Amino acid sequence: MPMVTMLGDVIQKESVAWNLPIGKFAAQADTLCLYLDKKVTFKKCFHEILNNGADYGKMPGQAGKVACVTSSLLPTTPSAVTLSQLRTALLSLHVEKLLAANGFQVYNSNGGCQSSVLSLFDVVALDAASSAGPVSSLHEETADVNSVRDKLLEVASSSPFTVGNQQTSQADEMLPVSKDKATAMAIDAKMFLEHQKLRRGGQGYDKNIGLINIKVAEAWSSVFEQVVTLEAARERLNDKAPSVVVHVTAVGRQFHQQQVDLLWRLLGNLPIPQTHVVHGRVASQKDRGNVNGLSAADFVKLRVEQMKEASVVKYGDHVKGEGWEKTIGVTTSGVIKFELLGTTPILNVSVSSHLVC
């Protein structure tokens, strides 16, 4: 009997005493696939749901803890929002809901950009930002950003990881600066990663991260400006120190967001866990060939029109009035969220010009 098969047989027999026993297994070459006993699993799950009620699924011990959610979204107008940015905003919203439902006090440091993107849902008469718990935006509150920038620059100037900047990171973007013509500087992230014993490559930080620019010539880097915004948001929390920071970003902005993570970790002396939720790209297509330039606004409007047409075909002249408008709005919102969030985040999503529901 092959070793893998023997291992599967042993595990299945041992699992009889487990909370969720193994019903069967499949062994092929050096791969072992285990299947839970479906009947027992469903019974146990329903039993837990009935016993725990509204507390089902909540993680114990999280009540009162603070979570900060940020994203790679940049300031934009609703008409310029891309499908990928819409996916980022919706994914951030759902991360916030999950954290709030588990007892965290959730704060969004990029609330202004996210609200701008989610305003697209105004066309379906639905509050897309409705949450399972209170989520506060730290972006809209007034803060002395200049003093925070000065504080971080002071830390950078005395850091052993600061070097004279000789080149600009390919993933970086420059933002204009109106004052402080100080010498350009950067952080040696590779040295910092080694010093902190942080993992590179694979599931860790990108192995190509080297220098992280703070300033080049007369421009602050976009990475540094985002760190300034995050640190200003953290200061607004006063004594509410975050227990975790969640970065939500598209795969094309992952490198940038990892730089933000490291630079904030260094300059802000941030010992708390930071985790990254990365999602794939969103492509639009018709049955024949790709459609270039379909914006998120066009996509939402298209789905609203299609849902109205489908409702009229099925229910005829009854489709009119505020009640139907709300029903169509809720249904359209659900369809859009399912299309963009109905698969594993890291996978790419392709949306069609035809309504599928």
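Look above for the structure.
One structure accompanies this document, and this report is about it. Model, not experiment: these values are computed from the prediction.

Basis of the calculations
- Residues numbered from 1 in each chain as written.
- Predicted model: local features only at pLDDT ≥ 70, side-chain atom pairs only at ≥ 80, totals over all residues.
- Heavy atoms only, no water.
- Helix = DSSP H or I, 4+ residues; strand = E, 2+ residues; numbered from the N terminus.
- Buried < 20%, exposed > 50% of the residue type's maximum accessible area, 1.4 Å probe, protein only.
- Contact = heavy atoms within 4.5 Å.
- Areas by Shrake-Rupley, 256 points an atom, 1.4 Å probe, with all protein chains shown as cover.
- Pairing = 2+ DSSP bridges.
- Phe/Tyr/Trp six-rings, centres within 6.5 Å; stacked < 30°, edge-to-face > 60°.
- Lys NZ or Arg CZ within 6 Å of the ring centre and 35° of its normal.
- Salt bridge = Lys/Arg side-chain N within 4 Å of Asp/Glu carboxyl O.

## Description of the overall build of the protein
Here's step 1: Across its full length, the protein carries 10 helices and 14 strands.
Here's step 2: Looking at the protein residue by residue over its 357 residues, the buried ones come to 41%.
Here's step 3: A separation threshold of at least 6 residues defines the contact pool for the protein, and within that pool the share at least 24 residues apart is 77%.
Here's step 4: Roughly 19,700 Å² of accessible area belongs to the protein as shown, and the carbon and sulfur atoms make up 55% of that amount.

## Quick notes on the pairing of strand S9 (residues 211–216)
Here's step 1: The element S9 is extensively covered by neighbouring structure, given that 5 of its 6 residues are classed as buried.
Here's step 2: One ladder, built from 4 bridges, connects strand S8 (residues 185–188) with S9; its direction is antiparallel. Following the sheet pairing, Ala-186 is matched in S9 by Asn-213.
Here's step 3: One ladder, built from 2 bridges, connects S9 with strand S10 (residues 219–221); its direction is antiparallel. Counted as the bridge partner of Lys-215 is Trp-220 from S10.
Here's step 4: Hairpin geometry of S9 and S10 is characterised by an intervening segment of 2 residues between the two adjacent antiparallel strands and by a positive phi of about 55 degrees at Ala-217.

## Things to note about the packing of aromatic side chains
Here's step 1: Counted under the stated rule, the structure contains 4 aromatic pairs.
Here's step 2: Seen from their ring centres, Phe-161 and Phe-192 are 5.3 Å apart, and the 75 degrees between their planes marks the pair as edge-to-face. With Phe-161 in the loop between helix H5 (145–157) and strand S6 (162–164) and Phe-192 in helix H6 (residues 189–196), this residue pair connects regions lying 31 residues apart in the sequence.
Here's step 3: The cationic tip of Lys-24 hangs over the ring face of Tyr-35; the distance from NZ or CZ to the ring centre is 5.2 Å.
Here's step 4: For the cation-ring pair, Lys-215 lies above Trp-220, with the distance from its terminal atom to the ring centre recorded as 4.5 Å.

## Overview of the pattern of salt bridges
Here's step 1: Per the counting criterion, the structure on display carries 8 salt bridges.
Here's step 2: Across the salt bridge formed by Glu-225 and Arg-149, the nearest N and O atoms sit 3.1 Å from each other. With Glu-225 in helix H7 (residues 222–236) and Arg-149 in helix H5, the pair connects residues that are 76 residues apart, well separated along the chain.
Here's step 3: Taking relative accessible area as the criterion, Arg-149 reaches 11% and is therefore assigned buried.
Here's step 4: The closest approach of N and O atoms between Lys-151 and Glu-235, which form a salt bridge, is 2.7 Å. Residue Lys-151 is found in helix H5, and its partner Glu-235 is found in helix H7; the two are separated by 84 residues along the sequence.
Here's step 5: Residues joined by salt bridges that share partners form a network here, namely Lys-151, Glu-231, Arg-234 and Glu-235.

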